[in-house]
Amino acid sequence: MRFHRQTITVEQARSKLLARITPTTQEKVSLGEAFGRILAQDLVSPCDYPGFDRSPLDGYAVRATDTESATVQQPVYLQVVEEIAAGDVPKMALGPGMASRIMTGAMLPVGADAVIMFEQTVNPGEKVQQVGIKRKLTAWENVSRRGEEVEQGSVIARSGEAVDAGMVALLASFGITEVPVYRKPTIGILSTGSELIDFDQPLRPGMIRDSNSLMLQMLVLQAGGIPVLFDRLSDHSPAVKATIQRCADRVDLLVTTGGVSVGDKDIIASLVDEAEVELLFNHVAMRPGSPTTAAMIGSTPLCALSGNPGACHLGFFLFVAPVIRKMANLPAEPPRWRAILAADCEKPSPFPRYLRGRIEVRNTTLYAIPDPPVKSGNVSRLKGSDCFIVIPAGGRGKRAGEEVEILCYQHYLQ
Ligand code: AMP
Ligand code: MG
C-alpha cells in the first residue's frame, strides 16, 4: 500500500472522508459560552416581548378618545396626574380628561391607549399640570403593545442557526441562561518524526523544533474543535498501531503529521496495511501534500497529514477543517470564490497546486496575490495568508490577469 497508491482528486477524497462523519451529540452550555456555537434545538419564547404595554418615546400617555377634537389652533387640555419613568409601575389609572407624563420604555398606565410626543404638546419644554394636546390620536398610537414583537410560545431561534452577538442579545432578553448546542468535537494531534524536539527546547544537531503540533492546535480552535495534544512519536516507536488506536479511542478525530510518504521510516504510511485500519485514501492529486492519507481506526477517522509545514497547513484546510465543521454541524465545504491572479504562477505541475495568498479588493474587483514561490517545507511563509489559490494541473500554470479559483479562510476558520 505504501508504494501502490491510487490517486484521487481533492474533492473525491474530501467526499469520501465526509461520508464517514456524523455530527456530534448535543450539550447545554451557558449563554456566554454558546457564542460562536450552533444551536441544536429550536428555542421557544417563555414569555411575551415586550412583557407589558410600553411607551416608545418621551411624551404623555393619554386616552385617545379625549383627543378627538384636538388641533394646533384649539388644543385639548388634560390634567397631568403622574410622572412615569422607565422601570416605574404607574400608580394612577387614567380617567376621562387625565394624562401621565411618560418616558421612553416606561409602562403605560391603566386606561391609557396612546402616547403623544412632547413636541406635539403646548410648551413641550415645561413640566405642566395641564398639558395641551395639539392633535388627535388614534387608539394604540405610539404604544409598543405587550407581545407585539414576540408572543409567548413562538419559535425565536431554530436548530442549525449560529449563535452570534445578536442571538445572545435575543436569548438574554428572554432570560434563557442555558443553550442547547452541538458539542465541539475533540481533535487529537500527534506529531511523528525522530528529528523533532519541543519548541521550547534548545536545538541540537540534526534536530528541528516541532511547529506543526502548535499550528494544528491553533487551526483546530479556529475550525471550532477542541485540540487534544498527544505525545510525539519517534520514527522508531514500537507498537505504533496500539498507540494510534489508544489515541483514536479518546477523540472524535485523530490528526497526525509526518510519516506519510514512502520513506523507510514513514510509520503512518505502514499503518494502513494493518488489518484493523480501513484506508480511505493515501494519494491525493494536490501539491503540496500528495501523500495525505485518511483512514478509519475503528469508528474514529484519522487524517494523516504530511509533515512539511506548508503541506500540513494545506491538508488541514482541505480535509481536517471540513471534518471538524461537519461534526459541529457547520457547512463543511470550504467556500470557493473567483478572483483575478495578481502575479504569474507558471510552474507546471501534474496535480493542481494550492498556493497560499492574500485577497485584496481593487476597484471592486477581487484579486488574489500569491505568496512568492517557496518550498512547501518553508515556515517563513505560513503567516499572514487568507486564501489558497488553486492553479490547475498541467499546461503552463496561470498568468497575472487570469481568473483563478480561490479557497478563502474567511467565514470558514474563525
Ligand atoms: P515527513 O512528512 O515526516 O516526511 O516530514 C517532511 C518534512 O517536514 C521533514 O523535513 C520534517 O523534518 C518536517 N516536519 C515533520 N514534522 C514536522 C513538525 N511537526 N514540525 C515541523 N516540521 C516537521
Ligand atoms: Mg518524518
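Parameters and conventions
Residues numbered from 1 in each chain as written. Chains lettered and ligands numbered in written order. Predicted model: local features only at pLDDT ≥ 70, side-chain atom pairs only at ≥ 80, totals over all residues. Heavy atoms only, no water. Near = heavy atom within 4 Å. Polar contact = N/O pair within 3.5 Å; in protein donor to acceptor, adjacent residues only side chain to side chain. Nonpolar A, V, L, I, M, F, W, Y, C, P; charged D, E, K, R; others polar. Phe/Tyr/Trp six-rings, centres within 6.5 Å; stacked < 30°, edge-to-face > 60°. Helix = DSSP H or I, 4+ residues; strand = E, 2+ residues; numbered from the N terminus. Buried < 20%, exposed > 50% of the residue type's maximum accessible area, 1.4 Å probe, protein only. Axes fitted to C-alpha atoms, helices over the stretch in contact; angles between N-to-C directions. Parallel < 35°, antiparallel > 145°, perpendicular 65-115°, else oblique. Left-handed = near helix turned anticlockwise from the far one by under 90°. Contact = heavy atoms within 4.5 Å. Core = buried A, V, L, I, M, F, W, Y, C linked by side-chain atoms within 4.5 Å. Domains from an automatic or database assignment. Pairing = 2+ DSSP bridges. Disulfide = S-S within 2.5 Å. Patch = residues over 30% accessible without salt bridge, like charges linked within 9 Å, V, L, I, M, F, W, Y side chains within 5 Å. Areas by Shrake-Rupley, 256 points an atom, 1.4 Å probe, with all protein chains shown as cover. Salt bridge = Lys/Arg side-chain N within 4 Å of Asp/Glu carboxyl O. Buried area = accessible area lost by both parts, 1.4 Å probe.

**Q** Help me understand the site of ligand 1, please; the structure alone is not making it clear to me.
**A** Around ligand 1, 15 residues are found, and the nearest of them are Glu195, Asp210, Ser211, Gly259 and Gly307. The contact in question runs from a nitrogen atom of ligand 1 to an N or O atom on the side chain of aspartate 210, over 2.8 Å. At a separation of 3.2 Å, an oxygen atom of ligand 1 approaches a polar backbone atom of asparagine 308. Tallied by class, residues from the shell around ligand 1 come to three nonpolar, nine polar and three charged.

**Q** Sorry, what's going on with the packing of aromatic side chains here?
**A** Between two aromatic rings, the relevant description is the distance of the centres plus the angle of the planes. Within the structure shown, the criterion is met by seven aromatic pairs. An angle of 45 degrees between the planes, with centres 5.4 Å apart, marks the rings of phenylalanine 281 and phenylalanine 319 as tilted. With phenylalanine 281 in strand S15 (residues 277-281) and phenylalanine 319 in helix H7 (residues 309-327), this residue pair connects regions lying 38 residues apart in the sequence. The burial state of phenylalanine 281 is the same as that of phenylalanine 319; both residues are buried.

**Q** So what exactly am I meant to see when it comes to the packing of helix H4 (residues 212-223) against H7 here?
**A** To describe two helices that pack against each other, one gives the angle between their axes and the distance between the axes. Direction vectors running N to C along H4 and H7 enclose 30 degrees, while the axes themselves pass 10 Å from each other. On the basis of their axis angle, the class for H4 and H7 is roughly parallel. In the packing of H4 onto H7, the handedness of the crossing is right-handed. Seen from H4, the contacting residues are Asn212, Met215, Leu216, Leu219, Val220 and Ala223; seen from H7, they are Pro309, Cys312, His313, Phe316, Ala321, Ile324 and Arg325.

**Q** Would you take a moment to explain the nonpolar core for this structure?
**A** The biggest cluster of nonpolar side chains holds 43 residues, and the ones touching the most others in it are Leu253, Phe281, Phe316, Leu318, Phe319, Tyr354 and Leu413. Broken down by element, the residue count for this core peaks at eleven residues, all from H7. The residues that make up this core include at least three from each of domain 1 (10-24 + 184-327) and domain 4 (337-413). Beyond its immediate stretch of four places on either side in the chain, leucine 253 contacts Thr186, Ile187, Gly188, Thr300, Pro301, Leu302, Cys303, Val320, Val323, Ile324 and Met327.

**Q** I would appreciate a short explanation of the sheet that holds strand S18 (residues 336-341) in the present structure.
**A** Two pairing modes exist for strands in a sheet, parallel and antiparallel, and in both the strands are linked by backbone hydrogen bonds. The five strands are arranged S18-S20-S19-S21-S22 in a closed barrel whose pairing can be described as mixed. The average undirected angle you get between the axes of adjacent strands in this sheet is 55 degrees. The pairing of S18 with strand S22 (residues 403-408) spans five bridges and is antiparallel. Looking at S22, one finds that alanine 339 is bridged to valine 404.

**Q** Quick question: what am I supposed to make of the state of the cysteines here?
**A** Here is the idea: a disulfide is a covalent bond, and it sits between the sulfur atoms of two cysteines. Inspection of the entire model under this criterion finds zero disulfides. Here cysteine 312 stays unpaired: no disulfide links it, and the sulfur of cysteine 303, its closest cysteine neighbor, is 11 Å away. On the basis of relative accessible area, cysteine 312 is assigned to the buried category, the value being 0%.

**Q** It is not clear to me how a nonpolar patch on the surface should be interpreted in this structure. Could you clarify?
**A** On the surface, a nonpolar cluster with roughly 390 Å² of combined accessible area is contributed by Phe199, Leu214, Met218 and Leu221. With respect to the helices and strands, phenylalanine 199 occurs in the loop between strand S11 (196-197) and strand S12 (208-209).

**Q** What's the story with the environment of tyrosine 367 in this structure? I'm lost.
**A** Within the secondary structure, tyrosine 367 is located in strand S20 (residues 365-370). Sequence separation of tyrosine 367 and alanine 400 is 33 residues, and the distance between their C-alpha atoms is 9.9 Å. Residues contacting tyrosine 367, with those up to four places away along its chain left out, are Ala339, Ile340, Ala342, Arg358, Ile359, Glu360 and Arg362.

**Q** Please clarify how unusual backbone geometry should be interpreted in this entry.
**A** It is generally the case that most residues other than glycine have a negative phi and that most peptide bonds are trans. Tyrosine 49 connects to proline 50 through a cis peptide bond whose omega is -5 degrees. Tracing the sequence through the fold places proline 50 in the loop between strand S2 (43-44) and strand S3 (59-62). A cis amide bond, omega -5 degrees, links arginine 287 with the succeeding residue proline 288. In the Ramachandran plot, alanine 239 falls in the positive-phi region, its phi being about 50 degrees despite a non-glycine side chain. Looking at where alanine 239 falls in the secondary structure, it is placed in the loop between strand S13 (226-229) and helix H5 (240-249).

**Q** Can you walk me through the domain arrangement of the chain in this structure?
**A** One frequent convention defines the size of an interface as the accessible area lost when the parts assemble. As far as domains go, the chain holds domain 1 (10-24 + 184-327), domain 2 (31-47 + 150-182), domain 3 (59-133) and domain 4 (337-413). Domain 1 and domain 4 are separated by 25 Å when their C-alpha centres are compared. In total, about 1800 Å² of surface goes out of reach between domain 1 and domain 4, with carbon and sulfur atoms giving 69% of it. In terms of surface lost to domain 4, no three residues of domain 1 exceed Arg287, His313 and Phe317, which account for 37% of the buried area on that side. Taken together, the connections running from domain 1 to domain 4 amount to four residue pairs in polar contact (both at pLDDT 80 or more). Mapped by element, the contributors of at least two residues to the side of domain 1 that touches domain 4 are helix H1 (10-18), H4 and H7. Here the residues of the side of domain 1 that touches domain 4 sort into 16 nonpolar, seven polar and three charged.

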